[in-house]
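Residue-level structural notes
Next come the chains, spelled out residue by residue.
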Amino acid sequence: MLQISKRLAGRVALLASAGIAGALVVCAPMSATAAGTTTTVDFNSSATAADYPSLAPVGSGAGVLWAPFTDLSGLNAPGISGETNWITREGWLGHNYVVQADGGDNALWVQKAEGGCQDSGIQVVTLANGRSLISAGHTAITASVWTADAGTDVQATITDLYGGHAVTKTVTAARAGTYNGLTFDFGNATTGSLVAGYSYARMTLVFDPANAKAGNGHDYWDNNCTDTGATVSKLYKVDDISFSSSAATAPVVGDKPHLLTFDDNDALGIQAVGEASNVKWAGVFGGAGSGNVVPSGGAASSAHAGKALEFNKGSGNAWSGINLVQAPGGVNTSGEIFTSSNYKTISFDYYSPTASPVQLKLMASDGSAAIKVFVATAGWQTLSVDMSTVGDWSASKQYTKMVVYPGFADVVPDGSTNAGANSAIYYIDNVNINGYGLASAGSAVAVTGLAKKASRLTVSAGNWTGNGTTLAYKWYRCTVVGATAKATAPVTADRCTVIAGATANTYLLGTADAGKYIRGQITATTSAGSVIALSRTTAKVS
């Protein structure tokens with residue numbers, strides 16, 4: 001995992017930077033007032049943690065993930081002590097947020113703890129993929145927010161379920177010690193812009209996003225902050241989140257295929273080179289070194305061509321490793337995940353100088369992990385795992401980070417031993433995520449229909465496999481019989497010419513086709529490239 005630095009080291013695993021926890025449903029339970037599609041989340045129906053699967057920490061830093069602290073520590077915000085301190089309360093003891101009474105009604109209490117990064121926040125609502133928190137003519141979401149300080153900024157962000165296409169709106173809670181009615185109009189966004197028909201299914205809140213009220217200068221709790229953390233803890237309360245939801249044009253697809261080659265043109269893979277830092281999550285940790293190089297030296301070079309990711313344990317820790325990749329996402333891109341119910345397999349080429357374990361860890365957006373340990377042999381090999389065979393993996397979770405520990409495993413398999421920090425050099429290459437590869441036809445391409453003028457022909461090849469496959473069509477008019485289907489376009493000997501303008505999967509035979517033979521072609525394209533499937537000819541058109 002990305003290693004925790006400074007105080008409280010070792011108390012927490014890698015924190016989720018964006019994502020959802022639990023089921024893809026609106027934060028529940030709730031009261032819904034029927035006014036078209038308007039929903040209000042008022043937190044009144046329950047104070048049980050399990051009833052709020054959407055609540056989850058977000059952002060870098062541990063500001064809303066741990067504690068609260070004990071009453072005796074003096075580190076909690078005013079208002080969190082005695083009965084209102086939920087540190088030992090079942091279901092809430094590991095979170096700096098809770099649903100509990102505030103006067104006569106429940107509200108969501110959130111402590112942004114001392115040391116929390118500027119962007120430490122909380123996910124408050126999720127919808128099912130294909131739904132949106134905003135709708136045409138209803139781009140505003142309202143909420144009641146209690147702040148301890150007057151003039152506190154509150155930043156709301158809506159994204160898809162994978163953190164993509166972020167649109168933010170920052171407003172100011174003017175009054176202290178009371179609930180402020182805030183309106184976040186994403187049609188007039190602070191950053192980003194709305195995409196029509198998009199599935200904005202997730203909403204997060206960050207209180208005091210500059211730590212202006214909480215102070216800015218404290219040692220932060222992990223090494224993800226771009227600046228130092230808050231100097232004091234602050235309490236915030238949220239109630240009555242109201243939005244007008246709608247159906248999006250289409251669900252967002254997050255399981256995009258990638259092949260990390262670590263060559264110079266592999267922008268995603270290059271992020272793993274060098275140390276993990278404040279400006280990039282990926283990279284080595286624990287005292288190791290790395291580079292993207294052509295493998296050299298004995299068996300390392302003889303069995304592999306091109307560049308690979310070199311990992312040198314050096315004099316670092318035995319548990320040193322690589323934050324290999326973080327799912328891309330941002331204001332203008334859709335967020336991604338590394339496994340899904342459709343694409344569960346991860347594979348990579350791996351070189352080990354000795355027989356030793358190697359641990360693969362997938363980090364989910366809720367902070368949990370799924371771990372697979374391989375026992376590598378000396379030399380090059382391809383390691384592959386269907387994550388559905390790993391007990392801690394779940395198709396419903398959003399896995400957005402991947403960590404590899406060469407020569408190390410938390411639990412060492414029988415007959416294997418961890419390789420210590422002995423300057424051993426390992427290589428990783430061709431990391432295949434979400435089914436990267438060429439498309440494949442489910443059956444041979446064929447043309448159906450009568451070979452007669454005014455008849456319509458159809459070309460098909462069954463169900464294509466391949467993540468993100470797109471199909472393009474061509475039709476050819478030929479003067480000789482082509483008795484077999486082919487995996488190439490027609491060559492000179494096939495005596496075929498392209499039929500201009502015929503680019504659909506059907507073709508209506510006309511006068512120019514009389515006495516000729518017709519062939520249909522499908523070009524299937526994925527991110528790995530294109531393949532061609534050419535049919536045999538029809539009978540002579542009459």
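Above this note sits the structure.
Notes on the structure in this doc start here. (Residues numbered from 1 in each chain as written. Predicted model: local features only at pLDDT ≥ 70, side-chain atom pairs only at ≥ 80, totals over all residues. Heavy atoms only, no water.)

A tally of regular secondary structure across the protein chain gives two helices and 31 strands. Dimensions of the protein chain, computed from C-alpha atoms along their principal axes, come out at roughly 90 × 65 × 35 Å. A buried classification covers 51% of the 542 residues belonging to the protein chain. Of the contacts made within the protein chain by residues no fewer than 6 positions apart, 72% connect residues no fewer than 24 positions apart. Summing over all exposed atoms, the protein chain offers an accessible surface of approximately 21400 Å²; the carbon and sulfur share of this is 53%. Charge centroids of the protein chain, computed over 32 positive and 35 negative side chains, lie 16 Å from each other. (Helix = DSSP H or I, 4+ residues; strand = E, 2+ residues; numbered from the N terminus. Buried < 20%, exposed > 50% of the residue type's maximum accessible area, 1.4 Å probe, protein only. Contact = heavy atoms within 4.5 Å. Areas by Shrake-Rupley, 256 points an atom, 1.4 Å probe, with all protein chains shown as cover. Lys, Arg positive; Asp, Glu negative; His and termini not counted. Charge placed at Lys NZ, Arg CZ, Asp CG, Glu CD.)

Our focus in this paragraph is the side chain of threonine 538. Note that threonine 538 resides in the segment after strand S31 (529-534). In this structure threonine 538 comes out as buried when scored by relative accessible area, which is 13%. Leaving out residues up to four positions away in the same chain, threonine 538 has contacts with Val447, Ala451, Leu457, Tyr517 and Ile518.

Glancing now at the state of the cysteines. By definition, a disulfide links the sulfur atoms of two cysteine residues through a covalent bond. In this structure the tally under the stated criterion is one disulfide. One disulfide bridge connects cysteine 478 with cysteine 496, the sulfur atoms lying 2.0 Å from each other. In this structure the cystine formed by cysteine 478 and cysteine 496 twists about its S-S bond by roughly 105°; its chirality is therefore right-handed. With cysteine 478 in strand S27 (residues 470-478) and cysteine 496 in strand S28 (residues 496-498), this pair connects stretches of sequence that are 18 residues apart. A relative accessible area of 19% means that cysteine 496 is categorised as buried. (Disulfide = S-S within 2.5 Å.)

A few words now on the environment of glycine 91. Looking at the element boundaries, glycine 91 is found in the loop between strand S2 (56-58) and strand S3 (97-102). Along the sequence, glycine 91 and alanine 47 sit 44 residues apart, while their C-alpha atoms lie 9.8 Å from each other.

Taking strand neighbours across the sheet as the criterion, the five strands line up as S15-S18-S23-S20-S21 in an open arrangement whose pairing is antiparallel. At either margin of the open sheet sits one strand with a lone partner, and together these are strand S15 (283-285) and strand S21 (369-376). On average, adjacent strands in this sheet sit at an angle of 20° to one another, irrespective of strand direction. Bridging between strand S20 (residues 356-364) and strand S23 (residues 399-406) involves seven bridges; their strand directions are antiparallel. Looking across to S23, one finds that lysine 361 is bridged to valine 403. (Pairing = 2+ DSSP bridges. Axes fitted to C-alpha atoms, helices over the stretch in contact; angles between N-to-C directions.)

Next up on the list: the sheet that holds strand S29 (residues 506-508). Ordered in space as S25-S26-S29, the three strands form an open sheet in which the pairing is antiparallel. Strand pairing shows two members of the sheet lacking a second neighbour, strand S25 (446-448) and S29, which therefore form its edges. Ignoring strand direction, the axes of neighbouring strands in this sheet form an average angle of 25°.

For the rest of this paragraph, the subject is the packing of aromatic side chains. Across all of its chains, the model carries 16 aromatic pairs by this definition. The interplanar angle of 85° and the centroid separation of 5.9 Å between the aromatic rings of phenylalanine 348 and phenylalanine 374 together place this pair among those described as edge-to-face. With phenylalanine 348 in strand S19 (residues 345-352) and phenylalanine 374 in strand S21, the pair connects residues that are 26 residues apart, well separated along the chain. Taken as a pair, phenylalanine 348 and phenylalanine 374 share a single burial class, namely buried. Above the plane of the ring of phenylalanine 374 lies lysine 372, whose end atom (NZ or CZ) is 5.6 Å from the centre. (Phe/Tyr/Trp six-rings, centres within 6.5 Å; stacked < 30°, edge-to-face > 60°. Lys NZ or Arg CZ within 6 Å of the ring centre and 35° of its normal.)

Turning to unusual backbone geometry, a few remarks are in order. If you check the backbone angles, phenylalanine 43 has positive phi at about 65° while not being a glycine. Residue placement: phenylalanine 43 occurs in the loop between strand S1 (38-41) and S2. A positive phi angle is found at asparagine 211, which is not glycine, with a value near 50°.

So, about the pattern of salt bridges. Following the criterion strictly, the structure yields six salt bridges and no others. A network of salt bridges, in which partner residues are shared, links Lys486, Asp494 and Arg519. (Salt bridge = Lys/Arg side-chain N within 4 Å of Asp/Glu carboxyl O.)

Glancing now at the nonpolar core. Leu108, Phe184, Met203 and Ile241 are the most contacted members of the largest nonpolar core, which totals 51 residues. Looking at this core, the element that brings in the most residues is strand S12 (residues 234-244), giving five residues. In this view, methionine 203 contacts Ile122, Gln123, Val124, Val125, Leu133, Ile141, Ala156, Thr157, Ile158, Phe184 and Ile241; residues no more than four positions away in its chain are not counted. Residues Val284, Phe311, Ala376 and Val390 belong to the second largest nonpolar core, which totals 38 residues. (Core = buried A, V, L, I, M, F, W, Y, C linked by side-chain atoms within 4.5 Å.)

A separate point is the pairing of strand S8 (residues 152-159). Among the eight residues in S8, six count as buried, and that is most of the element. Where S8 meets strand S9 (residues 167-173), seven bridges bridge the pair, whose relative direction is antiparallel. Each bridged residue has a counterpart across the sheet, and for threonine 157 the counterpart in S9 is threonine 168. Pairing between S8 and strand S11 (residues 202-207): six bridges, direction antiparallel. Following the sheet pairing, alanine 156 is matched in S11 by leucine 205.

Now for the environment of asparagine 342. For asparagine 342, the position within the fold is in the loop between strand S18 (321-326) and S19. For asparagine 342, a relative accessible area of 58% translates into the label exposed. It is 8.9 Å that separates the C-alpha atoms of asparagine 342 and alanine 395, two residues lying 53 residues apart in sequence.

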